[in-house]
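Examination of the molecular architecture
Take a look at the letters that make up each chain.
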Amino acid sequence: MEYDERLALFRQTRLNPFDRGEEDGPQGGKTPLQHEARPELFSGNRTHSSDRTMDLGLAEDHFSRPVGSFVASDIEQLKQAIEECKKLILELPEHSERQKDTVVKLIHLRLKLQELKDPEEDEPNLRILLEHRFSKEKSKSVKQTCDKCSTIIWGLIQTWYTCTGCYYRCHSKCMNLITKPCVRSKVSHQSEYELSICPEIGLDRQDYRCAECRTPISLRGVPSEARQCDYTGQYYCSTCHWNDTAIIPARVIHNWEFEPRKVCRSSLRYLALMISRPVLKLKEINPLLFNFVEELVEIRKLRQDILQMKPYFITCKEAMEARLLLQLQDRQHFVENDDMYSLQDLIDISSGRLSCSLTEIHTTFAKHIKLDCERCQAKGFVCELCKEGDILFPFDSHTSVCNDCSAVFHRDCYYDNSTTCPRCARMTERKQDEVSDVKDA
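Residues numbered from 1 in each chain as written. Predicted model: local features only at pLDDT ≥ 70, side-chain atom pairs only at ≥ 80, totals over all residues. Heavy atoms only, no water.

Turning next to a negative patch on the surface. Taken together, the side chains of Glu429, Asp433, Glu434, Asp437 and Asp440 define an acidic patch exposed on the protein surface. Relative to the elements of secondary structure, Glu429 occurs in helix H16 (residues 422-440). (Patch = residues over 30% accessible without salt bridge, like charges linked within 9 Å, V, L, I, M, F, W, Y side chains within 5 Å. Areas by Shrake-Rupley, 256 points an atom, 1.4 Å probe, with all protein chains shown as cover. Salt bridge = Lys/Arg side-chain N within 4 Å of Asp/Glu carboxyl O. Lys, Arg positive; Asp, Glu negative; His and termini not counted. Charge placed at Lys NZ, Arg CZ, Asp CG, Glu CD. Helix = DSSP H or I, 4+ residues; strand = E, 2+ residues; numbered from the N terminus.)

A word on the nonpolar core. In this structure, Leu282, Leu296 and Leu346 are the most contacted members of the largest nonpolar core, which totals 72 residues. Per-element accounting of this core gives the leading share, seven residues, to helix H10 (residues 294-314). (Core = buried A, V, L, I, M, F, W, Y, C linked by side-chain atoms within 4.5 Å. Buried < 20%, exposed > 50% of the residue type's maximum accessible area, 1.4 Å probe, protein only.)

All right, on to the packing of aromatic side chains then. Two aromatic rings are characterised by how far apart their centres lie and by the angle between their planes. By the definition in use, this model includes seven aromatic pairs. Between Tyr231 and Tyr270 the ring centres are 6.3 Å apart and the planes differ by 35 degrees, which places this aromatic pair in the tilted class. A residue pair is termed long-range when its members are at least 10 positions apart, and Tyr231 in the loop between strand E7 (227-228) and strand E8 (235-236) and Tyr270 in helix H7 (residues 265-274) qualify at 39 residues. Judged by its relative accessible area of 5%, Tyr231 is buried. Three or more aromatic residues link up through ring pairs in this structure, and these residues are Tyr312, Phe393 and Phe395. (Phe/Tyr/Trp six-rings, centres within 6.5 Å; stacked < 30°, edge-to-face > 60°.)

Moving on, we get to the state of the cysteines. This structure, assessed with the given rule, holds zero disulfides. Free of any disulfide, Cys316 has its nearest cysteine sulfur in Cys373, 3.5 Å distant. Cysteine Cys402 shares no disulfide, and the gap to the nearest cysteine sulfur, in Cys424, comes to 3.6 Å. (Disulfide = S-S within 2.5 Å.)

Right, let's get into H10. Between the first and last C-alpha of H10 there are 31 Å, a value that for 21 residues agrees with the 30 Å anticipated at 1.5 Å per step. Residue Gln308 marks the point of greatest curvature in H10, where the axis turns by about 30 degrees; the proline Pro311 follows within four residues. Those residues of H10 lying buried are Leu296, Ile299, Leu302, Arg303, Asp305, Ile306, Met309, Tyr312 and Phe313. (Expected span 1.5 Å × (residues − 1). Bend = angle between axes of the 7 residues up to and from the residue.)

This part takes up unusual backbone geometry. With a phi close to 70 degrees, Glu131 is a non-glycine residue in the positive phi region. For Glu131, the location among the structural elements is in the loop between strand E1 (126-129) and strand E2 (132-136). For Glu131, a relative accessible area of 51% translates into the label exposed.

This part covers the confidence of the model for the chain. Model confidence for the chain is summarised by a mean pLDDT of 79, while 79% of its residues fall at 70 or above. Across the chain, the secondary-structure element scoring lowest on mean pLDDT is helix H2 (residues 25-28), at 44, and the one scoring highest is strand E10 (residues 261-263), at 96. Taken together, the stretch residues 12-72 has pLDDT below 50 and engages in 128 contacts with residues farther than four places along the chain or on a different chain. (pLDDT = per-residue confidence, 0-100. Contact = heavy atoms within 4.5 Å.)

Moving on, we come to the environment of Cys424. You can see Cys424 is positioned in helix H16. On the accessibility criterion, Cys424 (17% relative accessible area) is buried. The sequence separation of Cys424 and Ala407 amounts to 17 residues, and the corresponding C-alpha distance is 8.6 Å. Leaving out residues up to four positions away in the same chain, Cys424 has contacts with Cys402, Asp404 and Cys405.

What follows concerns the pairing of E1. In this structure, E1 lies alongside E2, joined through four bridges in antiparallel fashion. Bridge pairing links Arg127 to Phe134 in E2. Hairpin connection, E1 to E2: the antiparallel pair is bridged by two residues, and Leu130 has positive phi, about 50 degrees. (Pairing = 2+ DSSP bridges.)

So, about the sheet that holds strand E5 (residues 160-163). Sheet architecture is open: four strands sit in the order E1-E2-E5-E6, paired in antiparallel fashion. Every other strand in the sheet has two partners, leaving E1 and strand E6 (169-171) as the edge strands with one partner each. Neighbouring strand axes in the sheet, compared pairwise and without regard to direction, differ in orientation by 30 degrees on average. In this sheet, E6 lies alongside E5 in antiparallel orientation, the contact comprising three bridges. Its bridge partner being in E6, Trp160 is matched across the sheet by His171. (Axes fitted to C-alpha atoms, helices over the stretch in contact; angles between N-to-C directions.)

Looking now at the pattern of salt bridges. Here the structure, examined in full by the defined rule, presents 22 salt bridges. When the shortest N-O distance is used, the salt bridge between Arg375 and Glu318 registers 3.7 Å. In this pair, Arg375 is assigned in helix H14 (residues 374-377) and Glu318 in helix H11 (residues 317-322), connecting sequence segments 57 residues apart. The salt bridge partner of Lys370 is Asp396, with a shortest N-O separation of 2.9 Å. One end of the pair, Lys370, is in helix H13 (residues 353-372); the other, Asp396, is in the loop between H14 and strand E13 (399-401), and 26 residues separate them in sequence. Exposure remark for Lys370: the relative accessible area of 34% places this residue in the partly exposed category. Overall, Asp396 belongs to the buried group, its relative accessible area being 7%.

Let us look at the side chain of Asn286. By the element assignment, Asn286 lies in the loop between helix H8 (282-285) and helix H9 (289-292). Residue Asn286 is classed as buried on the basis of its relative accessible area, which comes to 15%. A distance of 2.8 Å separates a polar atom in the side chain of Asn286 from the backbone oxygen of Ile253. Beyond its immediate sequence surroundings of up to four residues, Asn286 is in contact with Ile253 and His254. (Polar contact = N/O pair within 3.5 Å; in protein donor to acceptor, adjacent residues only side chain to side chain.)

Here you go:
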């Protein structure tokens, strides 16, 4: 960050790096300043002067006044020194070397004050609270934001934790104030989406309070702004709703709409954990969707073919050694059924990524069965209706499969022939002969 930018930032915020870590943040409708210029105040590469390297002042006297002297030995004296330093910045000529040094000194004083307020303690590496499994973070990054108090986590001087289940982040000092249970427990106990589009009930039904923390809210922003979550339809305060956006499952299923909408923090984490879970049975929720989205029909056919290829692979030694089915390990439900989808599947179908990747896998599987493996080739079928043509497989596009015995025929032969399936007739005749043999005996 250039000096002019730092000075402007000071005048806007009085250079309090521990105030709310957002420009408008949860209050003003903008996302947290996770990539803004403020953390850059602490980077070490500057071209202006090597004497003012921003190394957090480890080799400097934090209590020396830039011009004159500041003497501070406790928190109150540090606060007084900070106020004097702020006044001095405004009094000194702009762009002067003394003013630049004073800005740097003020930052060091602020860091020292925070360090005295929050002394480092021996914190446990793992803490369990409200089904959260909090793990102590070792990262010194300053680009994280506390989900409880909505301020920046200064990893250099503050202890902080992350839940290994839902990735809830907070200061160590904020942990005892947490009231939100881990979202992963909800995913484990209730793996289903809200399938109504923005099911709003109104602020009056919420008693004009945040649906999560019960803070008083209103649409006028007094005492706190009411923000609606497009997933739950409920209203939340600015602490529980940061104007994050996410794709809403109900809008995808009913409207095939993928525009991200504003959601609260708990919905954001829930949707992130649920996005890869195959819990959407489209043919029951909205079967008409297949009539309007051609890509869905294509994906369904590829999945049906892969399910028909699966018996070849689980009985083929070469396929097992090559671990062919592991190519679908990220979408394991594709080798278990053809009607369950995850939200990520639908997103990838809309973007075209899934069609490309699944077509490539389908080609690889078919090549193994029809060309590379003699054992799999031997399990093919000959059309018993015309007794002509090449070896047939159930996943071939020009074939039809008998629903009773799984015999494979040319599609034209199967539909043109009005008689029963030859294989079914043969199996029925064999069973009748066996019954007659038993009676004769």
